[in-house]
Amino acid sequence: MSKSISFAVVGCGSRGRTYMRIAREIGHSIVAISDTSPAALEAMKTIAGENDPKVFASGEELLAEERLADVALVSTQDAQHFGHASAALRRGYDVLLEKPAAQNSEEVEELARIAKENGCKLILCFVLRYTPFYRAIKRAIDEGKIGDVITIQASEGVGPFHNVHSYVRGKWSKTEESTPMIIAKCSHDTDLLAWIAGSRAVSVTSREDTSHFRP
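These remarks concern the structure in this document. In this numbering scheme, every chain counts its residues from 1 along its sequence in written order. Totals for whole chains, interfaces and linings use all residues, but because this is a predicted model, local features are given only for residues with pLDDT of at least 70 and pairs of side-chain atoms are given and counted only at 80 or more. Side-chain calculation: all heavy atoms of the structure are included, whereas hydrogens and water are not.

So, about helix 5 (residues 105–118). Look at helix 5: 20 Å from first C-alpha to last across 14 residues, which is about the 20 Å you get at 1.5 Å a residue. By the burial criterion, the buried members of helix 5 are Glu 107, Leu 111, Ile 114 and Ala 115. End-on, the buried residues of helix 5 take up no more than an arc of 100 degrees, which puts them together on one face. Opposite the buried face of helix 5, by more than 90 degrees, sit the exposed residues Glu 106, Glu 109, Lys 116 and Glu 117. Buried residues along helix 5 sit against helix 4 (81–90), strand 5 (94–97) and strand 6 (122–124). Starting at the N terminus, helices and strands are each numbered in turn, a helix being any DSSP run of H or I of at least four residues and a strand any DSSP run of E of at least two. Given the number of residues in a helix, its expected span is that number minus one, multiplied by 1.5 Å. For the exposure calls, accessible area comes from a 1.4 Å probe over protein chains only, and a residue counts as buried if that area is under 20% of its type's maximum, exposed if over 50%, partly exposed in between. Throughout, the arc means the angular range of directions from the helix axis out to the C-beta atoms. Should any heavy atoms of two residues lie within 4.5 Å, those residues are considered in contact.

Structure below.
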């Protein structure tokens, strides 16, 4: 196995805990954690095990310290990604950043600039690229098994419970407080389509019908 990597975790919600369980299983360590939720911090401390990480009440508090680990995992809410990731990069962390990277393209480009300026790696959590299903599709296309790709049609079924409790009245219900669904949910899809096709998108559009969402 390669050398053990130490993590500082900014955001100890479901995604952060999932990534850190995997990291712990393959021998990496958690040395610092932050979250505004005491319950989330306790859950992450359990995952960290005997490491007894330093605990902070917010990402801002953790990132005010000098660099504490090799990598900062940023898995906070969408609207916080840019602030936390840019601060971590300026502290010299390599950053593993939950998608979406930021709320707009200008912030994404700024993150790339800050990472380059500080000689840090910035990696997005587009985890579906690593699943056997999508890797098999990518391999088949790259090897020319299905000929030239002219068009791709893909459909993602967002379950009614997830849609209602996340995007209608949940944490992603208001664009000004988070990101619209085309970024919050469909950044996975746009990434997969560009990756599978081996071609960057020229434009992306999103349309919706709100006929079902009435007072």
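What follows continues from the structure just given.
Another point: the sheet that holds strand 3 (residues 54–56). Across the sheet, which stays open at both edges, the 6 strands sit in the order 3-2-1-4-5-6 with parallel pairing between neighbours. Among the strands making up the open sheet, the edge pair consists of strand 3 and strand 6. The average angle at which neighbouring strand axes cross in this sheet is 20 degrees, direction not considered. Axes here mean lines fitted to C-alpha atoms, for a helix over just the part in contact, with angles spanning 0 to 180 degrees between N-to-C directions. Along the sheet face, helix 4 touches strand 1 (6–10), strand 4 (71–74), strand 5 and strand 6 and points at about 160 degrees away from the line of strand 5. In this scheme, strands are said to pair when DSSP sees at least two bridges between them.

A contiguous nonpolar surface patch, about 320 Å² in accessible area, is contributed by Ile 146, Val 149, Ile 152 and Leu 193. With respect to the helices, strands and loops of the structure, Ile 146 is situated in the loop between helix 6 (132–142) and helix 7 (160–168). Exposure above 30% relative accessible area and the lack of any salt bridge qualify a residue for a patch; like charges then connect within 9 Å, and the nonpolar side chains Val, Leu, Ile, Met, Phe, Trp and Tyr within 5 Å. Using a 1.4 Å probe, the Shrake-Rupley method yields the accessible areas, and only the shown protein chains count as cover for residues. Any carboxyl oxygen of Asp or Glu that lies within 4 Å of a side-chain nitrogen of Lys or Arg is treated as forming a salt bridge with it.

Our focus in this paragraph is the pattern of salt bridges. Where charged atoms of side chains with opposite charge meet at close range, the side chains can pair. A complete count under the given rule lists 12 salt bridges for this structure. For Glu 50, the salt bridge identified is with Arg 24, shortest N-O distance 3.6 Å. Note that Glu 50 is positioned in the loop between helix 2 (38–48) and strand 3 and Arg 24 in helix 1 (residues 14–25), a separation of 26 residues in sequence. In this structure Glu 50 comes out as exposed when scored by relative accessible area, which is 66%. Overall, the relative accessible area of 23% leaves Arg 24 in the partly exposed class. Here Glu 156 and Lys 185 are joined by a salt bridge, their closest N and O atoms 3.1 Å apart.

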